[in-house]
Amino acid sequence: MAEKAGKRDYRTADERAAQMIDAAHAIIERERSTELSLRDVADAVGASRALAYAYFADRYRLIEAVLDRQADVLREAGIEEAAADGPFAERAGRVAAIYLDHVAQHGSVLEIVMREPEVMRELQTEASAIRSRLYRRLTRAARRDLHMPAPDALALVQLLAVIPEEAGKQQRAGHLDRAEAHRLCERLLAAGIEAQVPRR
């Protein structure tokens, strides 16, 4: 929101930066794209482009800040601990439940950014590191429990990751309530894993 003429802005630098991160998140979510500019963000918060550049050197640093905030939220929700031990199906279920709630509350900005390899190459973000650790832990568990080769186990983990993403979107859009979204996620995860259980 633009500042009223003659009225001083007493927000701190951290508050200003947080406001710009909020605006960037909203733009990425709305446009389903990372093609945002610092001018767009500055306009959204009623600031000058020069001020936006004072906080973020370029759009990549701003996108990085958006993803790092998302990583902090997921870490606080315990997503890494959820993948740490237990049978593969239990680990996958715990991680999926946390991520479903995250998408329902915060949107799909992680998925939107991470599907663009050319953008990810420009970023150094904890969100990418968390995803890599989760995939490694879940892939090892899938290999052990389902007796799968490593490439097959990784492919399974990546495919299963789509389920909480989509269920969370359905909840966020109001098509499902939370209980329905979680039931759908649990049912599809169970079916996906069951299909890979070795038959004797």
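Note that the structure is predicted; figures quoted are calculated from it, not measured.

Attention now goes to the overall build of the protein. What the protein contains, in helices and strands, is eleven helices and zero strands. Written out in order from the N terminus, the α and β elements of the protein read α-α-α-α-α-α-α-α-α-α-α. The contacts in the protein between residues at least 6 apart in sequence include a share of 68% that link residues at least 24 apart. With the model as given, the accessible surface of the protein reaches about 11,100 Å², and the carbon-plus-sulfur share is 51%. One finds the centroid of the 31 positive side-chain charges in the protein at a distance of 1 Å from the centroid of its 33 negative side-chain charges.

In this fold, Gly192 is placed in helix α11 (residues 178–194). Placed 103 residues apart in sequence, Gly192 and Ala89 show a C-alpha to C-alpha distance of 10.0 Å. Setting aside residues no more than four positions away along its own chain, Gly192 makes contact with Leu156 and Leu160.

At a closest axis distance of 7 Å, the pairing of helix α4 (residues 59–76) and helix α9 (residues 126–146) adopts a crossing angle of 45°. Accordingly, the angle class assigned to the pair α4 and α9 is oblique. Contacts from Leu67, Asp68, Ala71 and Arg75 of α4 reach α9 at Glu126, Ala127 and Ile130. In the contact of α4 with α9, the residues fall into four nonpolar, no polar and three charged.

Criteria and cut-off values
- Residues numbered from 1 in each chain as written.
- Predicted model: local features only at pLDDT ≥ 70, side-chain atom pairs only at ≥ 80, totals over all residues.
- Heavy atoms only, no water.
- Helix = DSSP H or I, 4+ residues; strand = E, 2+ residues; numbered from the N terminus.
- Contact = heavy atoms within 4.5 Å.
- Areas by Shrake-Rupley, 256 points an atom, 1.4 Å probe, with all protein chains shown as cover.
- Lys, Arg positive; Asp, Glu negative; His and termini not counted.
- Charge placed at Lys NZ, Arg CZ, Asp CG, Glu CD.
- Axes fitted to C-alpha atoms, helices over the stretch in contact; angles between N-to-C directions.
- Parallel < 35°, antiparallel > 145°, perpendicular 65-115°, else oblique.
- Nonpolar A, V, L, I, M, F, W, Y, C, P; charged D, E, K, R; others polar.

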